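# Survey of secondary and tertiary structure
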Amino acid sequence: QVQLVESGGGLVQPGGSLRLSCRASGNIFISTIMGWYRQAPGKQRELVASTTWGGITNYTDSVKGRFTISRDNAKNTVYLQMNSLKPEDTAVYYCSARTVGVGVYWGQGTQVTVSS
């Protein structure tokens, strides 16, 4: 079992920044890929960014150069620094922990709203 607790969402103006945090507890392994997904109203959940234990990262094209994912393995915590936010970034953001052969676990989600 894995428990994921997210924090850091909120309301921000276009061009602003937010930092999301996700603390994991339970069965987190070296092979566990941590990631952030988001789901906007009426749209499918999409991968925003992911990172391996060793720091190999992956980003969806729309956030490259604006968002940065990082991971503190000692704290079992993953962060998403979001800069230059746009209204189209508005969504519920979910933390995920994926381990091959084990499964995928999700956080409860945190709302990010970008609006003036």
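From a predicted model like this one, the values you see are computed outputs, not experimental measurements.

### Considering unusual backbone geometry
In this model, Asn76 sits at a positive phi of 50°, which is unusual for a non-glycine residue. Inspection of the secondary structure assignment puts Asn76 in the loop between strand 7 (67-72) and strand 8 (77-82). Notably, Ser84 is not glycine yet its phi reads approximately 50°, a positive angle. As for its placement among the helices and strands, Ser84 is situated in the loop between strand 8 and strand 9 (91-99). Residue classification places Ser84 among the partly exposed positions, given a relative accessible area of 40%.

### Observations regarding the nonpolar core
Among soluble globular proteins, nonpolar side chains are generally buried collectively. Counting residues in hydrophobic clusters, the biggest one holds 27 residues, and the most contacted among them are Trp36, Leu80, Met82 and Tyr93. Of all the secondary-structure elements, those providing two or more residues to this core are strand 1 (2-7), strand 3 (18-26), strand 4 (33-39), strand 5 (46-51), strand 7, strand 8, strand 9 and strand 11 (110-114).

### A closer look at the side chain of Ser96
Considering the arrangement of structural elements, one finds Ser96 in strand 9. Owing to a relative accessible area of 2%, Ser96 belongs among the buried residues under this scheme. The residues touching Ser96, leaving out its near neighbours within four places in the chain, are Leu4, Ile33, Met34, Gly35, Tyr37, Val104, Tyr105 and Trp106.

### Quick word on the state of the cysteines
Applying the stated rule across the entire model yields 1 disulfide. A sulfur-sulfur distance of 2.1 Å marks the disulfide that ties Cys22 to Cys95. Between Cys22 and Cys95 the sulfur-sulfur dihedral comes to about -80°; the bridge is accordingly left-handed. Of this pair, Cys22 sits in strand 3 while Cys95 sits in strand 9, and the two are 73 residues apart along the sequence. Of the residues examined, Cys22 reaches a relative accessible area of 0% and is grouped as buried.

Parameters and conventions
- Residues numbered from 1 in each chain as written.
- Predicted model: local features only at pLDDT ≥ 70, side-chain atom pairs only at ≥ 80, totals over all residues.
- Heavy atoms only, no water.
- Helix = DSSP H or I, 4+ residues; strand = E, 2+ residues; numbered from the N terminus.
- Buried < 20%, exposed > 50% of the residue type's maximum accessible area, 1.4 Å probe, protein only.
- Core = buried A, V, L, I, M, F, W, Y, C linked by side-chain atoms within 4.5 Å.
- Contact = heavy atoms within 4.5 Å.
- Disulfide = S-S within 2.5 Å.

In short, geometric facts, not functional conclusions.
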